[in-house]
Structures are given as structure tokens and as C-alpha cells.
Amino acid sequence: MQINAIKILRSKKRRRTVSARMIKDILVVRAPENIPESRLEKVVAELKLRIERKYLKEELNKHEYLSIRAKEFNRQYFENKLNINSIEYVTDQNSKFGCCNYRTGCIRISHRISAMPQWVRDYVVIHELAHLAVPDHSKAFWYIVNRYKLAERARGYLIAAGSEEELMTWK
Ligand SMILES: [Zn+2]
């Protein structure tokens, strides 16, 4: 799905709010009649971005690539002991590449990772999975992660891609 056109309908009845919905591939925006053009432009851009991110998220998770990979790595590296609740690409996480909640077993991977080579993607998945076993970045954690042969190389790749502490855990 993608947005191919934007249609703006101004209405006297509408007082304050701007709403938007997709009708086929057209983003139909309803706005108050007297809203200033510059304000409307900004709101429409935000709504458009939000919808595009939603579509991208759906697209990236459609084939459950990350879940399948995580299950494989759980077998391969963790004796199937990890409790993975969910792992998915998200489109609202730009400062971190990956995020793991070890209490709930939920892992969120930035959509930016989806465009990286598979060996980097695999590293990010293994890194976050390892947090389900060890929440912090202690020696025990790196011992687990470094069993993945390309771990060091992948870390270098991610650092070069523009983040210092690129992966994070939240409680
Ligand atoms: Zn980490």
C-alpha cells in the first residue's frame, strides 16, 4: 500500500480537528475551513508520514522474517531456552537499532536494519536475543554474543552507520 494522492476537504462544520483516512490509494484529509494554509500543510505532512510508517511496518513484518530468524537462533545459540514473546520491525525507533524488554520478552528492531546486509541483521537479532538471557552489556553478555562469528564486524558496521551505543535495553 502507498499514498498516491492527497485530497483535502475543507468544511465549515469542522471546528478544530484535522482527520485523515485512506480511500483506496488516496489520503483524504478533512480540515476546518479557516485553518491557515501553513498549519494545514504541516499537519498533513505529519499524518502522511504516520500512515507511511504504518504501511512500512506492515510490509516489513508481513513474512515474519525476524520471528523465524529468532527461533532459529534460539535453537542454535540458546538451547531453545529463551522466552521470545515477540520480535518485530518498528518504524518509530530512530535513535536505537534494537530494543529488548527482557521482562516481557518483546524485541523491537528499527526499520533501518531491514536495509542492511543479512549478517548485520542477524547480529542485531542475536544481540537482542542475548539480552533476554543477560540484560546488561556485561562480560557474560559479550561471551554469548561473540559466539556469532561476525559479531565484531557487525558492530563495526553499525557504528559506521551512525550510532555510538547502537543497541539498548529497556527494563
Ligand atoms: Zn545491547
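Quick caveat: nothing in here was measured; it's all calculated off a predicted structure.

Enquirer: For this particular structure, what's the right way to read the coordination of the zinc ion?
Expert: Between any two of four tetrahedral donors, the ideal angle at the metal is 109.5 degrees; between two of six octahedral donors, it is 90 or 180 degrees. Every protein donor of the zinc ion is listed here as His-127 (NE2), His-131 (NE2) and His-137 (NE2), and their distances to the metal cover 2.0 to 2.1 Å. Classification of His-137 by relative accessible area gives partly exposed; the value is 33%.

Enquirer: Looking at this structure, how should I read the sheet that holds strand 2 (residues 19-23)?
Expert: In any sheet, the strands associate via hydrogen bonds between backbone groups, in a parallel or an antiparallel arrangement. Sheet architecture is open: three strands sit in the order 1-3-2, paired in mixed fashion. Only two strands of the sheet have a single partner each, and these edge strands are strand 1 (5-11) and strand 2. Adjacent strand axes in the sheet meet at a mean angle of 25 degrees when their direction is disregarded. For strand 1 and strand 3 (residues 26-32), the ladder comprises seven bridges, and the chain directions are parallel.

Enquirer: Would you take a moment to explain unusual backbone geometry for this structure?
Expert: Across residues other than glycine, the phi torsion is negative in most instances, and most of the peptide bonds are trans. Look at Glu-64: it is not a glycine, yet its phi comes out positive at around 50 degrees. Within the element layout of this structure, Glu-64 appears in the loop between helix 1 (37-61) and helix 2 (65-78). Within the chain, Asn-80 stands out as a residue other than glycine whose phi angle is a positive 60 degrees. Checked against the element boundaries, Asn-80 lands in the loop between helix 2 and strand 4 (86-90).

Enquirer: Please clarify how the domain arrangement of the protein should be interpreted in this entry.
Expert: Where interface size is given, it is often the accessible area lost as the parts come together that is meant. As assigned here, the protein comprises domain 1 (5-61) and domain 2 (65-170). Contacts between the two partners involve five residues from domain 1 and, on the opposite side, seven residues from domain 2. For the pair domain 1 and domain 2, the two sides together bury roughly 630 Å², of which 55% comes from carbon and sulfur. When the buried area of domain 1 at its contact with domain 2 is split by residue, Arg-53, Lys-57 and Leu-60 rank highest and sum to 71% of it. Counting every contact that joins domain 1 to domain 2 gives one salt bridge. Residues Glu-88 and Lys-57 are paired through a salt bridge, measuring 3.5 Å at the closest nitrogen-oxygen approach. The tally of links between domain 1 and domain 2 comes to two residue pairs in polar contact (both at pLDDT 80 or more). Residue classes in the side of domain 1 that touches domain 2 are distributed as two nonpolar, one polar and two charged.

Scoring rules and cut-offs
All residue numbers refer to positions counted from 1 along the written sequence of the respective chain. Whole-chain, interface and lining totals are the exception, using all residues; otherwise, since this is a predicted model, local features are given only for residues with pLDDT of at least 70 and side-chain atom pairs are given and counted only at 80 or more. To obtain the side-chain values, all non-hydrogen atoms of the structure were included, while hydrogens and water were left out. Only nitrogen, oxygen and sulfur atoms qualify as donors, provided they sit within 2.8 Å of the metal or within 3.2 Å for Na, K and Ca; with water excluded from the atoms, sites may seem incomplete. Only protein chains enter the accessibility calculation, which uses a 1.4 Å probe; a residue whose area is less than 20% of its type maximum is buried, one above 50% is exposed, and one in between is partly exposed. In this analysis, strands are considered paired if DSSP registers two or more bridges between them. Only DSSP runs of H or I reaching four residues or more are called helices, and only runs of E reaching two or more are called strands; each is numbered from the N terminus. Where helices are involved, their axes are fitted lines through C-alpha atoms of the stretch in contact, as for all axes, and angles between N-to-C directions lie from 0 to 180°. Boundaries between domains were set according to an automatic or database domain assignment. The contact rule is simple, with two residues in contact once any of their heavy atoms fall within 4.5 Å. Here the quantity called buried area is the total loss of accessible area, with a 1.4 Å probe, experienced by two parts when brought into contact, counted for both. A pairing counts as a salt bridge when a side-chain nitrogen of Lys or Arg comes within 4 Å of a carboxyl oxygen of Asp or Glu. Pairing of N or O atoms within 3.5 Å defines a polar contact, subject to two protein rules: one partner must be a possible hydrogen donor and the other a possible acceptor, and residues neighboring in sequence count only if both atoms are side-chain atoms. Under the scheme applied here, ten amino acids are nonpolar (Ala, Val, Leu, Ile, Met, Phe, Trp, Tyr, Cys and Pro), four are charged (Asp, Glu, Lys and Arg), and all others, including Gly, are polar.

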